[in-house]
Protein chains: 2
Amino acid sequence: MHESLTIGQLSARSGVAPSALRFYERLGLIHAQRTGGNQRRYARSELRRVAFIRISQQVGISLDEIRAALDSLPASRTPTASDWARLSSVWRERLNERIRLMTKLRDDLDSCIGCGCLSLQRCALYNPGDSLGGEGPGARLVLPRTEGEPEVDVRAS
Amino acid sequence: MHESLTIGQLSARSGVAPSALRFYERLGLIHAQRTGGNQRRYARSELRRVAFIRISQQVGISLDEIRAALDSLPASRTPTASDWARLSSVWRERLNERIRLMTKLRDDLDSCIGCGCLSLQRCALYNPGDSLGGEGPGARLVLPRTEGEPEVDVRAS
DNA sequence: CTTTGAGTTGAAGTGAACTTCAACTCAAGG
DNA sequence: CCTTGAGTTGAAGTTCACTTCAACTCAAAG
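Residues numbered from 1 in each chain as written. Chains lettered and ligands numbered in written order. Predicted model: local features only at pLDDT ≥ 70, side-chain atom pairs only at ≥ 80, totals over all residues. Heavy atoms only, no water.

Summarise the overall build of chain A; cite the residues concerned and give the values.
Each helix and strand in chain A was counted, giving six helices and three strands. Counting helices and strands in the order they occur from the N terminus, chain A gives β-α-α-β-β-α-α-α-α. Looking at the 157 residues of chain A, the share that counts as buried comes to 41%. (Helix = DSSP H or I, 4+ residues; strand = E, 2+ residues; numbered from the N terminus. Buried < 20%, exposed > 50% of the residue type's maximum accessible area, 1.4 Å probe, protein only.)

Lay out the sheet that holds strand β1 (residues 4–5) of chain B in plain terms, naming residues and giving numbers.
All names here are of chain B. Spatially, three strands are ordered β1-β3-β2 in an open sheet, and the strand pairing comes out antiparallel. Edge positions in the sheet fall to β1 and β2 (33–34), since each has one partner strand and no second. Where β2 lies against strand β3 (residues 40–43), two bridges are found, and the strand directions are antiparallel. By the bridge assignment, Q33 is partnered in β3 with R41. (Pairing = 2+ DSSP bridges.)

Please set out the pattern of salt bridges residue by residue, giving values where relevant.
As enumerated under the stated definition, the model contains 20 salt bridges over all chains in all. As a salt-bridge pair, R67 of chain B and D64 of chain B come within 3.6 Å of each other at their nearest N and O atoms. A residue pair is termed a helical-turn pair when its members lie 3 or 4 positions apart in one helix, as R67 of chain B and D64 of chain B do in helix α4 (residues 63–71) at three residues. For D83 of chain B, the salt bridge is made with R77 of chain B, and the minimal N-O distance between the two is 2.6 Å. Overall, D83 of chain B belongs to the buried group, its relative accessible area being 7%. A relative accessible area of 40% places R77 of chain B in the partly exposed class. Among the ionic contacts, a cluster of salt bridges with common partners joins E25, R34 and R40 of chain A. (Salt bridge = Lys/Arg side-chain N within 4 Å of Asp/Glu carboxyl O.)

Could you give an account of the pairing of β3 of chain B, naming the residues involved and the relevant values?
The side chains of a regular strand alternate between the sheet's two faces. With burial as the criterion, only one face of β3 of chain B is covered, namely that bearing R40 and Y42 of chain B; the residues R41 and A43 of chain B on the opposite face remain uncovered. Between the end of β2 of chain B and the start of β3 of chain B, which pair antiparallel, lie five residues, with N38 of chain B showing a positive phi angle near 70 degrees.

Explain the protein's contact with DNA strand D to me, using residue names and the numbers behind them.
The environment of DNA strand D is made up of 25 residues, and the closest members are G8 and R40 of chain A together with S19, F23 and Q57 of chain B. A breakdown of the atoms of DNA strand D within 4 Å of the protein gives sugar and phosphate a share of 82%. Contact distances for DNA strand D include 3.3 Å between a phosphate oxygen and a side-chain N or O atom of R22 of chain A. The separation between a phosphate oxygen of DNA strand D and a polar side-chain atom of Y24 of chain B is 3.1 Å. Sorting elements by how many residues they give to the surface near DNA strand D places helix α2 (residues 18–26) of chain B first, with four residues. Of the residues belonging to the surface near DNA strand D, the class tally is eight nonpolar, 12 polar and five charged. (Near = heavy atom within 4 Å. Polar contact = N/O pair within 3.5 Å; in protein donor to acceptor, adjacent residues only side chain to side chain. Nonpolar A, V, L, I, M, F, W, Y, C, P; charged D, E, K, R; others polar.)

Got a sec to walk through unusual backbone geometry? Specific residues and values, please.
At N38 of chain A, a residue that is not glycine, the phi angle is positive and equals roughly 70 degrees. Residue position: N38 of chain A is located in the loop between β2 (33–34) and β3 (40–43).

Would you mind going over the nonpolar core in detail, with residue names and values included?
Among the nonpolar cores identified, the biggest contains 59 residues, and L21 of chain A together with L21 of chain B are the most heavily contacted of them. Not counting the four nearest positions on each side in its chain, L21 of chain A is found in contact with I7, L10, S11, V16, I30, Y42 and V50 of chain A. (Core = buried A, V, L, I, M, F, W, Y, C linked by side-chain atoms within 4.5 Å. Contact = heavy atoms within 4.5 Å.)

Quick rundown of α4 of chain B? Include the residues and the values.
For an α-helix, the turn length of 3.6 residues means that residues three or four places apart are oriented alike. Among all positions of α4 of chain B, only L63, I66, A69 and L70 of chain B are buried. Projected down its long axis, α4 of chain B shows its buried positions confined to an angular sector of 115 degrees, all on one face. (Arc of directions from axis to C-beta.)

Quick one: what's the story with the sheet that holds strand β1 (residues 4–5) of chain A, residue by residue and with numbers?
What the three strands build is an open sheet, ordered β1-β3-β2 (chain A); its pairing is antiparallel. Only two strands of the sheet have a single partner each, and these edge strands are β1 and β2 of chain A.

Describe the pairing of β3 of chain A, and please don't skip the residues or the numbers.
In this sheet, β3 of chain A lies alongside β1 of chain A in antiparallel orientation, the contact comprising two bridges. Of the residues in β3 of chain A, the one forming a bridge with L5 of chain A is Y42 of chain A.

With reference to specific residues and values, describe the side chain of S14 of chain B.
Structurally, S14 of chain B is set in helix α1 (residues 7–14). Polar contacts involving the side chain of S14 of chain B include one to the main-chain carbonyl oxygen of L10 of chain B, which spans 2.7 Å.

Please give an account of the packing of helix α3 (residues 45–59) of chain A against helix α4 (residues 63–71) of chain A that cites residues and values.
Residue and element names in this part refer to chain A. Contact geometry of α3 with α4 gives a least axis separation of 10 Å together with a crossing angle of 135 degrees. Compared by their axis directions, α3 and α4 come out oblique. The handedness of the crossing between α3 and α4 comes out as right-handed. Every residue of α4 that contacts α3 at R49, F52, I53, S56 and Q57 is listed here: L63, I66, A69 and L70. Among the residues making up the contact of α3 with α4, the classes are represented as six nonpolar, two polar and one charged. (Axes fitted to C-alpha atoms, helices over the stretch in contact; angles between N-to-C directions. Parallel < 35°, antiparallel > 145°, perpendicular 65-115°, else oblique. Left-handed = near helix turned anticlockwise from the far one by under 90°.)

Take it as geometry only, folks, not as evidence of what the structure does.
What follows is the structure, given as C-alpha cells:
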C-alpha cells in the first residue's frame with residue numbers, strides 16, 4: 001500500500017520541501033523511481049537518506065561533502081546499520097571540533113566581557129589557528145574554516 | 001604618524017580583505033574619513049569595530065544584526081569598554097545556546113552510532129525530547145529551516 | 001618626472017542552498 | 001467526463017557575504 005512514497009509524502013514525513021527534494025535529486029543526493037506518468041516514487045529507504053542529509057547539515061557539512069559521503073555507501077545493497085554508523089562517526093568528529101571551537105570562543109568572549117576590552121591581542125579572540133580567514137568568493141560558513149594570520153592589536157583605541 | 005589607518009593597514013591588522021572593508025562600509029558597519037585625494041582613513045577605533053564584526057560572525061550572527069547592534073552604540077562618543085561588554089554579553093547568550101544545541105546533537109548522534117540505526121523515532125535525533133504527542137511519532141526536525149510539520153518515522157527502511 | 005604600488009568606483013560575478021514561476025500533465029473523487 | 005489538487009520541467013530569482021573587474025587616480029620612492 002505504502003511501499004513507496006510520493007514527493008509530497010516524503011516531504012511531509014521528512015519536513016523537507018518538495019523543491020528541496022528535487023534539488024537534492026539533481027545533486028545526486030537522493031534517488032527516485034518514476035511511474036508511468038513520470039512522477040517520482042521514493043523507496044522508504046530514501047527517508048533515511050534525507051534524515052542523514054538534514055542531520056549532516058546541522059553538523060555544518062556542505063551538500064557537496066554529504067554527497068561524497070553518500071556516494072561511499074554501497075550501491076549494490078541497501079545500506080546497513082553499520083554503514084550509517086560509519087558515516088555518522090565521521091560527522092561526530094567534525095561536530096566535536098565545532099563544539100570545541102565554539103567553547104573556546106565563548107571562553108575568550110567571557111574574558112573579554114570581563115575587561116570589556118575586545119583587545120584581541122590580549123584576549124586572543126583573534127588567535128589564529130582557530131578561526132578567521134576564508135579565501136575565495138562566495139558565502140561564508142557560519143563557523144569558519146581554519147587558517148589566517150592577522151596581526152591584530154587594538155590597544156590604543 | 002599612525003593616528004589613522006589606510007585601508008591596506010586596517011586590512012593587514014584586522015585580517016579582513018580591503019574589498020570586505022569597503023563592503024562593510026557600504027552596509028554602514030564601519031566608517032572612514034577621506035583624504036583630499038578621496039582615500040579612506042580609518043580611526044584606530046574602527047579596528048575594534050572590525051574585531052567585533054568578525055567575532056560576531058563567528059558567533060553566527062548576520063551582518064544585518066551586527067549592524068543593528070553597532071547602531072545601538074552611542075554615536076556621540078567613542079564607545080567605552082562597558083559599551084562593548086554590553087554587546088558582547090548578548091552574543092554570549094547566543095553562543096551558549098548554539099553550544100547547547102551542538103552538544104545535544106552530538107549526544108544524539110552518539111546514541112545513533114551505537115545502534116547505527118538513524119531511526120529517528122528511537123534515537124530521538126528528530127525528537128525535541130518532550131513533544132512526542134499522540135499516536136505514532138510526532139517527531140520533528142530539531143532545527144527546522146523553515147516552518148513546517150514533518151512527521152518523521154523511518155522504522156521500516 | 002617617472003614609475004610603481006596602493007587606492008578609487010560601480011557593476012557584475014560567485015557559490016551555496018534553495019525557492020519561485022509558467023506552463024504544462026497526472027491521478028482520483030464525484 | 002470534469003474538476004481539482006498534486007506533480008512535472010527548465011529557467012530564472014533570492015539571500016548572504018563577499019570578490020573580481022575595468023578603468024581609472026593617488027602617493028611615495030628614485
